[in-house]
Amino acid sequence: MKGLIIASSVILGIIIGLIPNLIKEKPFWWKYLIGVLFILNLVLILSPVLVSDHSYANYIAKTEIEEPITLELKDYTINSARDTLIISTINYPIINNSNYDVTTKELIEVKFNKQNKHFSIIGTKDYSIIPISYPLILELKERIKIMVLHVPTAWISVLAYLLSMIYSVMYLRKRDYKYDIYAHSAAGVGVMFTILATVTGMIWAKFNWGAYWNWDPRQTSIFMLLIIYFAYFGLRSAIENSETRARLSSVYLIIAFTTVPFFVFILPRISSGLHPGAAGEGTAGPVLGGGAEMLNHNLLITFGYSLFCFTLLFFWILNLKIRTELLNKKW
Amino acid sequence: MVENMNFLEQNTLYIVLIISLMIWLGIFFYLIFVDKKITRLEKMILIDNPKTDKNNSGVINE
(Lines give C-alpha, C1' and ligand atoms only; values in the text may rest on other atoms or scores of the structure.)
Protein backbone atom coordinates (compact mmCIF):
# COMPACT_ATOMS: atom_id res chain seq x y z
CA MET A 1 0.00 0.00 0.00
CA LYS A 2 2.81 2.37 0.97
CA GLY A 3 4.76 1.55 -2.18
CA LEU A 4 1.65 1.96 -4.32
CA ILE A 5 0.91 5.46 -2.99
CA ILE A 6 4.53 6.60 -3.38
CA ALA A 7 4.98 5.07 -6.84
CA SER A 8 1.67 6.44 -8.13
CA SER A 9 2.56 9.94 -6.85
CA VAL A 10 5.80 9.96 -8.80
CA ILE A 11 4.27 8.44 -11.94
CA LEU A 12 1.35 10.88 -11.90
CA GLY A 13 3.79 13.73 -11.34
CA ILE A 14 5.89 12.64 -14.32
CA ILE A 15 2.83 12.26 -16.58
CA ILE A 16 1.41 15.70 -15.69
CA GLY A 17 4.90 17.23 -15.58
CA LEU A 18 5.48 16.34 -19.20
CA ILE A 19 2.35 18.19 -20.42
CA PRO A 20 2.58 19.31 -23.25
CA ASN A 21 6.24 18.26 -23.49
CA LEU A 22 9.61 18.96 -21.92
CA ILE A 23 10.58 22.07 -23.88
CA LYS A 24 7.40 23.90 -24.87
CA GLU A 25 6.00 26.66 -22.68
CA LYS A 26 3.70 25.15 -20.05
CA PRO A 27 0.01 26.11 -20.32
CA PHE A 28 -1.37 28.88 -18.12
CA TRP A 29 -3.58 26.49 -16.13
CA TRP A 30 -0.63 24.14 -15.51
CA LYS A 31 1.50 26.83 -13.90
CA TYR A 32 -1.22 28.13 -11.62
CA LEU A 33 -2.21 24.57 -10.73
CA ILE A 34 1.26 24.08 -9.27
CA GLY A 35 0.87 27.27 -7.26
CA VAL A 36 -2.40 26.10 -5.76
CA LEU A 37 -1.18 22.52 -5.20
CA PHE A 38 1.85 23.77 -3.31
CA ILE A 39 -0.19 26.09 -1.11
CA LEU A 40 -2.38 23.12 -0.21
CA ASN A 41 0.77 21.05 0.35
CA LEU A 42 2.16 23.53 2.87
CA VAL A 43 -1.16 23.75 4.70
CA LEU A 44 -1.41 19.94 4.78
CA ILE A 45 2.12 19.60 6.10
CA LEU A 46 2.08 22.27 8.79
CA SER A 47 -1.40 22.53 10.24
CA PRO A 48 -2.39 19.04 11.53
CA VAL A 49 -1.98 18.33 15.24
CA LEU A 50 0.30 15.57 16.52
CA VAL A 51 -1.55 12.75 18.24
CA SER A 52 -0.16 9.60 19.83
CA ASP A 53 -1.90 6.36 19.11
CA HIS A 54 -2.93 4.19 22.02
CA SER A 55 -0.06 1.70 21.68
CA TYR A 56 2.37 4.62 21.97
CA ALA A 57 0.54 5.74 25.12
CA ASN A 58 1.09 2.27 26.62
CA TYR A 59 4.78 2.49 25.65
CA ILE A 60 5.07 5.94 27.34
CA ALA A 61 3.54 4.52 30.52
CA LYS A 62 5.64 1.36 30.46
CA THR A 63 8.86 3.34 30.07
CA GLU A 64 7.58 5.94 32.59
CA ILE A 65 8.25 8.97 30.40
CA GLU A 66 6.64 11.98 32.05
CA GLU A 67 6.11 14.14 28.97
CA PRO A 68 2.77 15.44 27.68
CA ILE A 69 1.21 13.60 24.77
CA THR A 70 -2.09 14.07 22.96
CA LEU A 71 -4.56 11.22 22.78
CA GLU A 72 -7.62 10.68 20.67
CA LEU A 73 -10.69 9.69 22.67
CA LYS A 74 -11.85 6.59 20.86
CA ASP A 75 -14.04 4.02 22.62
CA TYR A 76 -13.96 5.52 26.10
CA THR A 77 -16.21 5.34 29.11
CA ILE A 78 -16.36 7.56 32.17
CA ASN A 79 -16.16 6.13 35.65
CA SER A 80 -18.10 8.99 37.22
CA ALA A 81 -17.38 7.94 40.78
CA ARG A 82 -13.68 8.59 40.34
CA ASP A 83 -13.79 10.93 37.32
CA THR A 84 -11.65 8.52 35.41
CA LEU A 85 -11.62 7.82 31.70
CA ILE A 86 -11.21 4.23 30.68
CA ILE A 87 -10.03 3.67 27.15
CA SER A 88 -10.14 -0.04 26.39
CA THR A 89 -6.83 -0.13 24.51
CA ILE A 90 -4.87 1.91 27.07
CA ASN A 91 -3.69 -0.18 30.01
CA TYR A 92 -3.63 2.68 32.52
CA PRO A 93 -6.41 4.87 33.93
CA ILE A 94 -6.75 8.49 32.81
CA ILE A 95 -7.66 10.74 35.77
CA ASN A 96 -9.49 14.01 35.13
CA ASN A 97 -8.31 15.80 38.33
CA SER A 98 -8.90 19.30 36.97
CA ASN A 99 -12.42 18.53 35.69
CA TYR A 100 -11.80 19.28 32.03
CA ASP A 101 -14.94 18.93 29.97
CA VAL A 102 -14.14 15.98 27.72
CA THR A 103 -17.68 15.15 26.68
CA THR A 104 -17.54 17.15 23.44
CA LYS A 105 -13.81 16.93 22.83
CA GLU A 106 -11.98 14.43 20.64
CA LEU A 107 -8.43 15.13 21.82
CA ILE A 108 -6.97 15.33 25.31
CA GLU A 109 -3.51 16.21 26.50
CA VAL A 110 -2.24 13.83 29.17
CA LYS A 111 0.91 13.36 31.21
CA PHE A 112 1.97 10.10 32.82
CA ASN A 113 2.45 10.11 36.59
CA LYS A 114 4.99 7.39 37.37
CA GLN A 115 4.38 7.53 41.12
CA ASN A 116 0.68 6.71 40.88
CA LYS A 117 0.85 4.85 37.55
CA HIS A 118 -1.86 6.79 35.81
CA PHE A 119 -2.28 9.50 33.17
CA SER A 120 -3.46 12.95 34.33
CA ILE A 121 -5.46 15.10 31.92
CA ILE A 122 -3.70 18.44 31.60
CA GLY A 123 -5.79 19.95 28.82
CA THR A 124 -8.05 19.41 25.84
CA LYS A 125 -7.38 20.13 22.16
CA ASP A 126 -9.21 20.59 18.92
CA TYR A 127 -8.17 19.45 15.49
CA SER A 128 -6.66 22.31 13.50
CA ILE A 129 -8.06 23.84 10.30
CA ILE A 130 -7.75 20.38 8.76
CA PRO A 131 -9.34 17.58 10.81
CA ILE A 132 -6.48 15.10 10.50
CA SER A 133 -3.57 14.22 12.75
CA TYR A 134 0.00 13.07 12.37
CA PRO A 135 1.84 10.71 14.74
CA LEU A 136 3.48 12.23 17.79
CA ILE A 137 6.93 10.82 18.42
CA LEU A 138 8.49 12.47 21.46
CA GLU A 139 12.03 12.52 20.03
CA LEU A 140 10.81 14.45 17.00
CA LYS A 141 7.59 16.25 17.92
CA GLU A 142 6.81 18.86 15.20
CA ARG A 143 10.07 18.08 13.38
CA ILE A 144 8.45 14.97 11.94
CA LYS A 145 6.80 17.27 9.39
CA ILE A 146 10.21 18.14 7.93
CA MET A 147 10.32 14.62 6.48
CA VAL A 148 7.55 15.50 4.03
CA LEU A 149 9.67 18.31 2.59
CA HIS A 150 13.21 16.92 3.00
CA VAL A 151 12.79 13.40 1.53
CA PRO A 152 10.98 14.49 -1.69
CA THR A 153 13.80 16.91 -2.57
CA ALA A 154 16.29 14.03 -2.33
CA TRP A 155 14.13 11.69 -4.42
CA ILE A 156 13.50 14.36 -7.06
CA SER A 157 17.26 14.78 -7.44
CA VAL A 158 17.45 11.03 -8.23
CA LEU A 159 14.75 11.53 -10.89
CA ALA A 160 16.77 14.43 -12.32
CA TYR A 161 19.95 12.37 -12.49
CA LEU A 162 18.02 9.52 -14.12
CA LEU A 163 16.71 11.91 -16.80
CA SER A 164 20.23 13.25 -17.37
CA MET A 165 21.47 9.68 -17.88
CA ILE A 166 18.64 8.89 -20.33
CA TYR A 167 19.29 12.01 -22.39
CA SER A 168 23.01 11.27 -22.38
CA VAL A 169 22.32 7.85 -23.87
CA MET A 170 20.07 9.47 -26.47
CA TYR A 171 22.79 11.96 -27.36
CA LEU A 172 25.36 9.21 -27.88
CA ARG A 173 22.92 7.35 -30.09
CA LYS A 174 21.63 10.23 -32.20
CA ARG A 175 24.36 12.89 -31.84
CA ASP A 176 21.70 15.61 -31.64
CA TYR A 177 22.89 18.53 -29.45
CA LYS A 178 19.44 19.09 -28.02
CA TYR A 179 19.86 15.89 -25.94
CA ASP A 180 23.14 17.20 -24.56
CA ILE A 181 21.31 20.38 -23.50
CA TYR A 182 18.53 18.36 -21.89
CA ALA A 183 21.03 16.17 -20.01
CA HIS A 184 23.07 19.15 -18.85
CA SER A 185 19.91 20.99 -17.67
CA ALA A 186 18.59 17.94 -15.84
CA ALA A 187 21.94 17.47 -14.07
CA GLY A 188 21.92 21.14 -13.04
CA VAL A 189 18.43 20.97 -11.59
CA GLY A 190 19.35 17.67 -9.91
CA VAL A 191 22.31 19.30 -8.20
CA MET A 192 20.05 22.14 -7.02
CA PHE A 193 17.64 19.68 -5.41
CA THR A 194 20.53 17.68 -3.92
CA ILE A 195 21.87 20.85 -2.29
CA LEU A 196 18.37 21.60 -0.94
CA ALA A 197 18.11 18.06 0.46
CA THR A 198 21.55 18.38 2.05
CA VAL A 199 20.89 21.78 3.63
CA THR A 200 17.42 20.85 4.94
CA GLY A 201 18.92 17.64 6.30
CA MET A 202 21.71 19.57 8.02
CA ILE A 203 19.25 21.89 9.74
CA TRP A 204 17.18 18.91 10.88
CA ALA A 205 20.35 17.12 12.06
CA LYS A 206 21.34 20.09 14.21
CA PHE A 207 18.14 19.79 16.25
CA ASN A 208 17.99 15.99 16.27
CA TRP A 209 21.62 14.96 16.62
CA GLY A 210 23.23 18.08 18.02
CA ALA A 211 25.44 19.04 15.06
CA TYR A 212 24.87 20.12 11.46
CA TRP A 213 27.25 17.49 10.13
CA ASN A 214 27.93 14.12 11.73
CA TRP A 215 29.54 12.13 8.90
CA ASP A 216 26.53 9.84 9.11
CA PRO A 217 26.63 7.40 6.11
CA ARG A 218 23.69 9.12 4.42
CA GLN A 219 25.20 12.56 4.87
CA THR A 220 28.54 11.28 3.58
CA SER A 221 26.97 9.55 0.58
CA ILE A 222 25.01 12.65 -0.48
CA PHE A 223 28.21 14.67 -0.14
CA MET A 224 29.96 12.17 -2.45
CA LEU A 225 27.10 12.52 -4.92
CA LEU A 226 27.49 16.30 -4.90
CA ILE A 227 31.23 15.98 -5.57
CA ILE A 228 30.57 13.61 -8.49
CA TYR A 229 28.09 15.98 -10.11
CA PHE A 230 30.11 19.12 -9.38
CA ALA A 231 32.98 17.37 -11.20
CA TYR A 232 30.64 17.00 -14.20
CA PHE A 233 30.29 20.78 -14.46
CA GLY A 234 34.03 21.15 -14.05
CA LEU A 235 34.54 18.70 -16.90
CA ARG A 236 32.15 20.60 -19.18
CA SER A 237 33.78 23.94 -18.56
CA ALA A 238 37.24 22.52 -19.27
CA ILE A 239 36.46 21.38 -22.83
CA GLU A 240 36.19 23.99 -25.58
CA ASN A 241 35.19 21.83 -28.50
CA SER A 242 31.39 21.43 -28.32
CA GLU A 243 31.24 17.98 -29.89
CA THR A 244 33.95 16.59 -27.61
CA ARG A 245 32.33 18.29 -24.63
CA ALA A 246 28.94 16.78 -25.40
CA ARG A 247 30.39 13.30 -25.95
CA LEU A 248 32.54 13.21 -22.81
CA SER A 249 29.81 14.79 -20.66
CA SER A 250 27.32 12.18 -21.82
CA VAL A 251 29.66 9.33 -20.98
CA TYR A 252 30.39 10.90 -17.60
CA LEU A 253 26.68 11.29 -16.75
CA ILE A 254 25.97 7.67 -17.64
CA ILE A 255 28.75 6.45 -15.38
CA ALA A 256 27.85 8.95 -12.64
CA PHE A 257 24.28 7.68 -12.53
CA THR A 258 25.49 4.15 -11.76
CA THR A 259 26.65 5.49 -8.38
CA VAL A 260 23.30 7.15 -7.56
CA PRO A 261 21.26 4.09 -6.45
CA PHE A 262 24.21 2.92 -4.39
CA PHE A 263 24.80 6.23 -2.63
CA VAL A 264 21.14 7.13 -2.13
CA PHE A 265 19.43 3.83 -1.39
CA ILE A 266 21.98 1.12 -0.60
CA LEU A 267 25.00 2.49 1.28
CA PRO A 268 23.00 4.30 4.00
CA ARG A 269 21.11 1.06 4.71
CA ILE A 270 24.08 -1.26 4.93
CA SER A 271 26.09 1.02 7.24
CA SER A 272 25.17 1.82 10.80
CA GLY A 273 24.37 5.47 11.39
CA LEU A 274 22.05 8.07 12.82
CA HIS A 275 19.55 8.19 9.96
CA PRO A 276 16.41 6.06 10.32
CA GLY A 277 16.76 2.86 8.29
CA ALA A 278 20.47 2.41 8.98
CA ALA A 279 21.91 -1.07 9.48
CA GLY A 280 20.98 -2.66 12.77
CA GLU A 281 17.62 -0.90 13.10
CA GLY A 282 15.64 -3.76 11.64
CA THR A 283 13.67 -1.59 9.19
CA ALA A 284 14.43 0.11 5.90
CA GLY A 285 13.38 3.46 7.36
CA PRO A 286 10.04 5.20 7.83
CA VAL A 287 9.39 5.71 4.12
CA LEU A 288 10.54 2.47 2.50
CA GLY A 289 10.21 0.28 5.59
CA GLY A 290 7.23 -1.99 6.15
CA GLY A 291 6.18 -0.83 9.63
CA ALA A 292 3.83 2.06 10.43
CA GLU A 293 5.93 3.76 13.16
CA MET A 294 6.73 7.27 11.95
CA LEU A 295 4.40 7.20 8.98
CA ASN A 296 0.73 6.79 9.79
CA HIS A 297 -1.91 6.72 7.05
CA ASN A 298 -2.43 10.50 7.00
CA LEU A 299 1.26 11.33 6.91
CA LEU A 300 1.82 8.76 4.16
CA ILE A 301 -0.81 10.36 1.93
CA THR A 302 0.64 13.81 2.62
CA PHE A 303 4.10 12.47 1.79
CA GLY A 304 2.83 11.05 -1.53
CA TYR A 305 1.08 14.33 -2.32
CA SER A 306 4.23 16.32 -1.50
CA LEU A 307 6.27 14.03 -3.77
CA PHE A 308 3.72 14.70 -6.54
CA CYS A 309 3.98 18.49 -6.04
CA PHE A 310 7.78 18.44 -6.02
CA THR A 311 7.81 16.34 -9.20
CA LEU A 312 5.67 18.95 -10.96
CA LEU A 313 7.89 21.75 -9.66
CA PHE A 314 10.95 19.89 -10.92
CA PHE A 315 9.51 19.62 -14.44
CA TRP A 316 8.66 23.32 -14.49
CA ILE A 317 12.16 24.35 -13.38
CA LEU A 318 13.67 21.89 -15.87
CA ASN A 319 11.48 23.35 -18.61
CA LEU A 320 12.70 26.87 -17.82
CA LYS A 321 16.33 25.74 -17.69
CA ILE A 322 16.18 23.91 -21.01
CA ARG A 323 14.47 26.83 -22.76
CA THR A 324 17.11 29.21 -21.36
CA GLU A 325 19.95 26.97 -22.57
CA LEU A 326 18.38 26.69 -26.01
CA LEU A 327 17.99 30.48 -26.21
CA ASN A 328 21.64 30.88 -25.22
CA LYS A 329 22.63 28.50 -27.97
CA LYS A 330 20.60 30.40 -30.55
CA TRP A 331 21.97 33.74 -29.46
CA MET B 1 -7.31 41.75 15.09
CA VAL B 2 -6.31 41.33 18.75
CA GLU B 3 -8.05 37.96 18.85
CA ASN B 4 -6.15 36.88 15.74
CA MET B 5 -2.83 37.94 17.30
CA ASN B 6 -3.66 36.04 20.52
CA PHE B 7 -4.55 32.97 18.47
CA LEU B 8 -1.24 33.17 16.60
CA GLU B 9 0.70 33.63 19.84
CA GLN B 10 -0.83 30.46 21.24
CA ASN B 11 -0.51 28.45 18.02
CA THR B 12 2.92 29.45 16.76
CA LEU B 13 2.97 26.80 14.04
CA TYR B 14 0.50 28.95 12.09
CA ILE B 15 3.12 31.70 12.04
CA VAL B 16 5.49 29.19 10.45
CA LEU B 17 2.72 28.31 7.98
CA ILE B 18 2.14 31.97 7.04
CA ILE B 19 5.86 32.57 6.50
CA SER B 20 6.21 29.37 4.44
CA LEU B 21 3.26 30.40 2.29
CA MET B 22 4.78 33.84 1.74
CA ILE B 23 8.12 32.30 0.72
CA TRP B 24 6.38 29.90 -1.65
CA LEU B 25 4.29 32.67 -3.22
CA GLY B 26 7.47 34.72 -3.72
CA ILE B 27 9.21 31.81 -5.43
CA PHE B 28 6.11 30.99 -7.47
CA PHE B 29 5.62 34.51 -8.85
CA TYR B 30 9.35 34.73 -9.62
CA LEU B 31 9.07 31.53 -11.67
CA ILE B 32 6.06 32.98 -13.50
CA PHE B 33 8.07 36.15 -14.21
CA VAL B 34 11.06 34.17 -15.56
CA ASP B 35 8.72 32.01 -17.66
CA LYS B 36 7.12 35.08 -19.27
CA LYS B 37 10.52 36.61 -19.98
CA ILE B 38 11.74 33.44 -21.69
CA THR B 39 8.56 33.24 -23.78
CA ARG B 40 9.05 36.86 -24.89
CA LEU B 41 12.67 36.14 -25.87
CA GLU B 42 11.66 33.01 -27.76
CA LYS B 43 9.09 35.01 -29.74
CA MET B 44 11.70 37.68 -30.51
CA ILE B 45 14.08 35.07 -31.88
CA LEU B 46 11.31 33.51 -33.93
CA ILE B 47 10.45 36.91 -35.42
CA ASP B 48 14.11 37.64 -36.18
CA ASN B 49 14.82 34.15 -37.56
CA PRO B 50 11.61 32.50 -38.70
CA LYS B 51 13.47 29.59 -40.30
CA THR B 52 15.59 28.90 -37.25
CA ASP B 53 13.27 26.27 -35.90
CA LYS B 54 13.14 23.76 -38.68
CA ASN B 55 16.63 22.38 -38.27
CA ASN B 56 16.84 22.95 -34.58
CA SER B 57 14.77 20.04 -33.40
CA GLY B 58 11.60 21.85 -32.38
CA VAL B 59 12.82 24.51 -30.06
CA ILE B 60 10.02 27.05 -30.31
CA ASN B 61 6.37 26.37 -31.04
CA GLU B 62 6.82 23.01 -32.72
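Residue indices follow the written sequence of each chain, beginning from 1 at its first position. Chain letters and ligand numbers both follow the written order, the letters beginning at A and the numbers at 1. Residues qualify for local features only when their pLDDT is at least 70, as the model is predicted, and side-chain atom pairs are given and counted only at 80 or more; totals for whole chains, interfaces and linings, by contrast, use all residues. Side-chain numbers come from the whole structure's heavy atoms, not from hydrogens or water.

## Points about unusual backbone geometry
All names here are of chain A.
Next up, step 1: A cis geometry characterises the amide bond from I19 onward to P20, with omega recorded as -20°.
Next up, step 2: Working definition: helices are DSSP H or I runs of at least four residues, strands are E runs of at least two. Numbering for both runs from the N terminus. Summarising the element assignment, P20 is placed in the loop between α1 (2-17) and α2 (28-46).
Next up, step 3: For E64, which is not glycine, the phi dihedral falls at a positive 55°.
Next up, step 4: Buried means the residue's accessible area, taken with a 1.4 Å probe over protein chains only, is under 20% of the maximum for its type, while exposed means over 50%, and partly exposed covers the values in between. Overall, E64 belongs to the partly exposed group, its relative accessible area being 32%.
Next up, step 5: You will see that K117, though not glycine, has its phi angle at about 55°, which is positive.
Next up, step 6: Relative to the helices and strands, K117 is located in the loop between β6 (107-113) and β7 (118-125).

## Quick look at the interface of chain B and chain A
Next up, step 1: Contact between two residues is taken to exist if any of their heavy atoms lie within 4.5 Å; hydrogens are not considered. Facing 25 residues of chain B, the contacting portion of chain A comprises 31 residues.
Next up, step 2: Once two parts are brought into contact, the accessible area they lose, counted with a 1.4 Å probe and summed over both, makes up the buried area. Buried area between chain B and chain A, summed over both chains or domains, comes out near 2,700 Å², and the portion from carbon and sulfur atoms is 72%.
Next up, step 3: For chain B, the biggest contributors to the area lost against chain A are L13, W24 and D35 of chain B; these three give 22% of the whole.
Next up, step 4: When a carboxyl oxygen of Asp or Glu is within 4 Å of a side-chain nitrogen of Lys or Arg, the pair counts as a salt bridge. At the boundary of chain B with chain A, the tally comes to 3 salt bridges.
Next up, step 5: Salt-bridge contacts for K31 of chain A lead to D35 of chain B; the nearest nitrogen and oxygen are separated by 3.3 Å.
Next up, step 6: Definition of a polar contact: a pair of N or O atoms within 3.5 Å, with one able to donate and the other able to accept a hydrogen when the atoms are protein atoms, and with sequence-neighbouring residues admitted only if both atoms are side-chain atoms. At the boundary of chain B with chain A, the tally comes to 7 residue pairs in polar contact (both at pLDDT 80 or more).
Next up, step 7: Amino acids are sorted into nonpolar (Ala, Val, Leu, Ile, Met, Phe, Trp, Tyr, Cys and Pro), charged (Asp, Glu, Lys and Arg) and polar (every other residue, Gly among them). Split by residue class, the side of chain B that touches chain A holds 16 nonpolar, 6 polar and 3 charged.

## A word on α1 of chain A
An α-helix turns once per 3.6 residues; consequently, residues spaced three or four apart project the same way.
Residue and element names in this part refer to chain A.
Next up, step 1: By this rule the span expected of a helix is its residue count minus one, scaled by 1.5 Å. Taking 1.5 Å per residue as the helical rise, α1 with its 16 residues ought to reach 22 Å, and the 22 Å between its terminal C-alpha atoms agrees with that figure.
Next up, step 2: Every buried residue belonging to α1 is among K2, I5, I6, S9, G13, I16 and G17, and all of these are buried. Summarising the axial view, the buried residues of α1 lie within an arc of 110°, below the 170-degree limit, and thus occupy one face. Within α1, the exposed residues directed more than 90 degrees away from the buried face are L4, I11 and I15.
Next up, step 3: As for α1, its buried residues are in contact with α2, α4 (147-174) and α8 (297-330). An arc is given here, and it is the one of the directions from the helix axis to the C-beta atoms.

## Remarks on the packing of aromatic side chains
Residue and element names in this part refer to chain A.
Next up, step 1: Put simply, two rings from Phe, Tyr or Trp (the six-membered ring, in Trp's case) pair if the centres are within 6.5 Å, and we call them stacked under 30 degrees between planes, edge-to-face over 60, tilted for the rest. Counted according to the given criterion, the structure contains 29 aromatic pairs over all chains.
Next up, step 2: When the centroid spacing of 5.9 Å and the interplanar angle of 85° are considered together, the rings of Y179 and Y182 count as edge-to-face. With a gap of 3 residues between them, Y179 and Y182 both fall in helix α5 (residues 177-209), about one helical turn apart. Of the two residues, Y179 and Y182, both sit in the buried class.
Next up, step 3: Seen from their ring centres, W215 and F223 are 6.0 Å apart, and the 85° between their planes marks the pair as edge-to-face.
Next up, step 4: By relative accessible area, which is 35% here, F223 ends up partly exposed.

## Side note on the confidence of the model for chain B
All names here are of chain B.
Next up, step 1: Scored between 0 and 100, pLDDT is the confidence that the predictor attaches to each residue. With 76% of its residues at a pLDDT of 70 or more, chain B shows a mean pLDDT of 75.
Next up, step 2: pLDDT under 50 marks residues 53-62. Its contacts with residues more than four places away, or in other chains, come to 19 contacts.
Next up, step 3: We note a pTM of 0.88 for the whole complex and an ipTM of 0.74 for its interfaces.

## Comments concerning the packing of α5 of chain A against helix α7 (residues 242-270) of chain A
Residue and element names in this part refer to chain A.
Next up, step 1: Think of each axis as a best-fit line through the C-alpha atoms, taken over the contacting stretch in the case of a helix, with angles from 0 to 180 degrees between the N-to-C directions. Running from amino to carboxyl end, α5 crosses α7 at an angle of 50°, the nearest separation of the two axes being 10 Å. In terms of axis orientation, α5 runs oblique to α7. Seen along the crossing, α5 lies across α7 with a hand that is left-handed. In this structure, α5 contributes Y177, D180, A183 and A187 to the contact, and α7 contributes S242, E243, A246, S249, S250 and L253.
Next up, step 2: Residue composition of the contact of α5 with α7, by class: 5 nonpolar, 3 polar and 2 charged. The scheme is simple: roughly parallel for angles under 35 degrees, roughly antiparallel for over 145, roughly perpendicular for 65 to 115, oblique for anything else. Should the near helix be turned anticlockwise from the far one by less than a right angle, the crossing is termed left-handed; should it be turned clockwise, right-handed.

## Things to note about the layout of surface pockets
Next up, step 1: Note on definitions: the grid is 1 Å and covers protein atoms alone; a cavity is a set of points where a 1.4 Å probe fits but cannot get out; a pocket is an open set with protein on both sides within 12 Å along at least five of seven lines; lining residues have an atom within 4 Å of a point. Grid points are joined across faces, edges and corners, and a volume is the space filled by probe spheres set on the points. By volume, the second largest pocket amounts to about 870 Å³.
Next up, step 2: Along the walls of the second largest pocket sit 30 residues, with L42, L149, T200 and F310 of chain A together with S20 of chain B positioned nearest its centre.
Next up, step 3: Take the lining of the second largest pocket: its biggest share by element is 9 residues, from helix α2 (residues 13-48) of chain B.
Next up, step 4: For the lining of the second largest pocket, the per-class residue count stands at 23 nonpolar, 4 polar and 3 charged.

## Quick look at the sheet that holds strand β5 (residues 94-95) of chain A
Residues and elements named next belong to chain A.
Next up, step 1: Taking strand neighbours across the sheet as the criterion, the 6 strands line up as β2-β6-β7-β5-β4-β3 in an open arrangement whose pairing is mixed. With partners counted over all chains shown, the strands left at the sheet margins are β2 (69-72) and β3 (76-79), one partner each.
Next up, step 2: Paired strands are those between which DSSP finds at least two bridges. For β3 and strand β4 (residues 84-87), the ladder comprises 4 bridges, and the chain directions are antiparallel. Paired with T77 across the bridge in β4 is I86.

## Considerations on the pattern of salt bridges
Next up, step 1: As enumerated under the stated definition, the model contains 12 salt bridges over all chains in all.
Next up, step 2: The shortest N-O distance in the salt bridge between R175 of chain A and E243 of chain A comes to 3.6 Å. With R175 of chain A in the loop between α4 and α5 and E243 of chain A in helix α7, the pair connects residues that are 68 residues apart, well separated along the chain.
Next up, step 3: Note on R175 of chain A: relative accessible area 41%, which makes it partly exposed.
Next up, step 4: The partner of R323 of chain A in a salt bridge is E42 of chain B, with the nearest N and O atoms 3.1 Å apart. Highlighted residues: R323 of chain A in helix α8 and E42 of chain B in helix α2, drawn from two different chains.
Next up, step 5: Taking the relative accessible area as the measure of exposure, R323 of chain A reaches 1% and is therefore buried.
Next up, step 6: What emerges from the salt-bridge pattern is a single network uniting E25, K31 and R323 of chain A together with D35 and E42 of chain B.

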